[in-house]
Amino acid sequence: MKKTLKDIDVKNKKVLVRVDYNVPLDANQNITNDKRIAATLPTIQYLLEQDAAIILMAHLGRPKGKAVPEMSLKPVAARLSELIGKPVKFVEGDCISDQAKKTAADLKSGEILLLENLRFYAAEEGKNAAGEKDKAAMDAFAKELASMGEVFVQDAFGTVHRAHASTAGIVKHVKDAAAGFLVEKELKFLGEALDKPVRPFLAILGGAKVSDKINVIENLLNKVDSIIIGGAMAYTFLKSQSVSIGASLVEDDKLDLAAELLKKAKEKGVEFLLPVDHVIADKVDFANKAVPAGAAVKVTVDEAIPEGFMGVDVGPESIERFAKAVKEAKTIVWNGPLGIFEIDQFSKGTVEIAKLAAQSTEQGATSVVGGGDSVSAVKKAGVDKKISHISTGGGASLEFLEGKELPGIAALPEKK
Ligand code: AMP
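Residues numbered from 1 in each chain as written. Predicted model: local features only at pLDDT ≥ 70, side-chain atom pairs only at ≥ 80, totals over all residues. Heavy atoms only, no water.

## As for the sheet that holds strand β3 (residues 89–90)
Spatially, the six strands line up as an open sheet ordered β3-β4-β2-β1-β5-β6, and their pairing is parallel. Strand pairing shows two members of the sheet lacking a second neighbour, β3 and β6 (176–179), which therefore form its edges. Bridge analysis of strand β1 (residues 14–18) against strand β2 (residues 53–57) gives five bridges, and the strand direction is parallel. Following the sheet pairing, Arg 18 is matched in β2 by Met 57. (Pairing = 2+ DSSP bridges. Helix = DSSP H or I, 4+ residues; strand = E, 2+ residues; numbered from the N terminus.)

Laid out in structure tokens, this is it:
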């Protein structure tokens with residue numbers, strides 16, 4: 001177990017906190033969604049109660065090692081100040097300038113400083129100015145950041161799968177370090193689901209590509225009792241079993257692998273639920289996520305899809321079969337929609353399964369949903385508040401489900 005915020009002494013200390021403030025901005029640098037900022041308030045409030053001086057570190061967008069004024073964190077400092085009802089100091093342009101360092105040095109108990117976008121320095125991502133990998137540059141940058149505070153708190157789950165200066169590099173240069181409340185919650189839910197799931201343990205995987213989720217499937221096959229596959233991913237699995245899939249999205253170079261995964265599931269006694277019928281369409285406007293005028297939309301009678309049609313959602317019989325598994329499950333991990341859920345007409349499979357997952361949760365199951373699209377999907381179904389845990393980090397939660405070590409977590413010290 002890694003140390004968490006309450007395990008370390010932050011009283012009257014200068015505390016560096018890595019947060020995820022990678023928020024969406026409009027063309028005028030207005031924040032269009034401040035959820036990520038609001039999500040950091042519990043950790044910040046706790047540190048304020050402990051009379052800590054708080055130095056927040058974050059990145060925004062992909063400035064690629066250059067100071068890009070449009071990607072300044074200045075609007076975030078203003079929004080955080082509104083949300084927390086306290087001034088938030090901010091030094092524009094450079095997170096380790098003399099002025100930034102002086103502001104950090106002068107920071108008193110109960111004061112907050114947000115440093116400028118860390119990714120204005122290529123060294124944050126372990127590169128030199130020429131864009132080449134450079135560990136020494138990363139370490140030197142991590143040391144500079146660390147010199148501004150005494151202890152370090154990791155609360156940016158969205159970046160812990162990256163070995164960056166502010167995620168992994170900084171830890172060895174501070175007196176103590178721990179996971180913040182947000183990261184602690186992620187580790188608790190994802191960790192407990194994978195390590196000591198209450199059974200039956202069901203994984204629901206969907207989305208566009210098998211290739212993105214091969215490692216997740218491989219890892220989960222060792223842990224789950226059943227697995228539901230929907231979305232475009234399902235067609236690669238079906239084609240690998242010689243089922244006709246018409247014009248559906250497919251990854252032909254992954255057919256052998258899909259067959260191999262199905263074989264493994266059988267050997268391990270994992271129930272592998274693929275769709276047995278589909279909603280199909282002869283035309284889809286993918287760019288605008290719309291059904292073009294005059295398009296034919298039908299439901300198949302079985303798992304086969306006729307020529308000229310593509311699968312766009314799981315069919316009613318599939319939903320019924322999946323529903324049984326969802327109702328029985330005591331642990332549910334879900335990543336990826338079961339159809340083109342952005343189009344209402346093709347969202348039924350995803351929405352129905354989301355509602356059932358919420359129902360199971362109300363009856364005592366633990367449900368964990370990860371990844372951007374899956375999160376939008378449970379929101380679309382109106383059940384996001386009923387899911388036990390919605391992961392804040394798409395990439396990080398996928399890597400966690402793959403069983404990979406997350407560098408930003410691995411670097412944190414163990415609980416004594
Ligand atoms: P991912 O990022 O891999 O979770 O993929 C999410 C995307 O997969 C969403 O934009 C869905 O519209 C898309 N998707 C799901 N099912 C299908 C399908 N049957 N055909 C095409 N795209 C799909």
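## Considering the packing of helix α10 (residues 316–328) against helix α11 (residues 348–362)
Across the interface, α10 lies against α11 with an axial gap of 9 Å and an inter-helix angle of 20°. Overall, the two elements α10 and α11 adopt an arrangement that is roughly parallel. In the packing of α10 onto α11, the handedness of the crossing is right-handed. For the pair formed by α10 and α11, the contact residues are Ile 319, Phe 322, Ala 323, Val 326 and Lys 327 on the first element and Lys 348, Gly 349, Glu 352, Ile 353, Leu 356, Ala 357 and Ser 360 on the second. When its residues are assigned to classes, the contact of α10 with α11 shows seven nonpolar, two polar and three charged. (Axes fitted to C-alpha atoms, helices over the stretch in contact; angles between N-to-C directions. Parallel < 35°, antiparallel > 145°, perpendicular 65-115°, else oblique. Left-handed = near helix turned anticlockwise from the far one by under 90°. Contact = heavy atoms within 4.5 Å. Nonpolar A, V, L, I, M, F, W, Y, C, P; charged D, E, K, R; others polar.)

## Overview of the site of the ligand
Of all residues adjacent to the ligand, which total 16 residues, the nearest are Ala 208, Lys 213, Gly 311, Gly 339 and Glu 342. Measuring from a nitrogen atom of the ligand, one finds a backbone N or O atom of Ala 232 at 3.4 Å. The backbone of Gly 311 places a nitrogen or oxygen atom 3.0 Å from a nitrogen atom of the ligand. Protein chains shield 86% of the accessible area of the ligand, which is 510 Å² for the free molecule. In the shell around the ligand, the residues fall into eight nonpolar, five polar and three charged. (Near = heavy atom within 4 Å. Polar contact = N/O pair within 3.5 Å; in protein donor to acceptor, adjacent residues only side chain to side chain. Areas by Shrake-Rupley, 256 points an atom, 1.4 Å probe, with all protein chains shown as cover.)

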